[in-house]
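The chain contents come next:
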Amino acid sequence: MMNSSLPEKEKLLSMLTEIHDQLEELEIVLEASFSDLRIQMNNEELNKLSAPVQRLSKLEEEIDKINSTTNETNAEQNNSVTKALKLEMGFWLPIEYE
């Protein structure tokens, strides 16, 4: 009876060894597949993030242009107001009453 169980144990051990080898191969394939998937997902996320960053940069540039134009206009207005004040003050003469 012992002799008949020994070949069955060897057969079972052989089957388990084969399953183990197949699982190791599957692990390698899955690891490579998940690695590729992880890289692909990272690239997709980077693309999703870079588009808004580019839009924000363009908006910031437009705002800077608007601000610089506004600042130039304000500087010109301030300059003309200052000139007008200087002219008015230049003609301001204190009148002395006796």
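Only a predicted model underlies this, so the values are computations on that prediction, with no experimental measurement involved.

Within the chain, the regular secondary structure consists of 1 helix and 0 strands. For the chain, the residues scored as buried account for 0% of the 98 residues in total. Element-wise, carbon and sulfur atoms account for 61% of the exposed surface of the chain, whose accessible area totals about 9,900 Å².

Moving on, we come to a nonpolar patch on the surface. A surface patch of nonpolar side chains, about 840 Å² in accessible area, is lined by Leu12, Leu16, Ile19, Leu23, Leu26, Leu30, Phe34, Leu37 and Met41. For Phe34, the location among the structural elements is in helix 1 (residues 2-90).

With the rule as written, the count across this model stands at 1 salt bridge. One salt bridge connects Glu45 with Lys48, and the closest N-O pair in it is separated by 3.6 Å. Within this pair, Glu45 and its partner Lys48 are both found in helix 1, separated by 3 residues, close to a single helical turn. Residue classification places Lys48 among the exposed residues on the basis of a relative accessible area of 53%.

With that settled, consider a negative patch on the surface. A cluster of like negative charges, contributed by Glu18, Asp21, Glu24, Glu25, Glu27 and Glu31, occupies part of the molecular surface. Within the element layout of this structure, Glu18 appears in helix 1.

Our focus in this paragraph is the confidence of the model for the chain. Low pLDDT means the predicted coordinates in that region are not meant to be read closely. Of the residues in the chain, 67% reach a pLDDT of 70 or more, and the chain-wide mean stands at 80. Note that residues 87-91 has pLDDT below 50 and, in this model, 0 contacts with residues that lie over four places away or in other chains.

What counts and how
- Residues numbered from 1 in each chain as written.
- Predicted model: local features only at pLDDT ≥ 70, side-chain atom pairs only at ≥ 80, totals over all residues.
- Heavy atoms only, no water.
- Helix = DSSP H or I, 4+ residues; strand = E, 2+ residues; numbered from the N terminus.
- Buried < 20%, exposed > 50% of the residue type's maximum accessible area, 1.4 Å probe, protein only.
- Areas by Shrake-Rupley, 256 points an atom, 1.4 Å probe, with all protein chains shown as cover.
- Patch = residues over 30% accessible without salt bridge, like charges linked within 9 Å, V, L, I, M, F, W, Y side chains within 5 Å.
- Salt bridge = Lys/Arg side-chain N within 4 Å of Asp/Glu carboxyl O.
- Lys, Arg positive; Asp, Glu negative; His and termini not counted.
- Charge placed at Lys NZ, Arg CZ, Asp CG, Glu CD.
- pLDDT = per-residue confidence, 0-100.
- Contact = heavy atoms within 4.5 Å.

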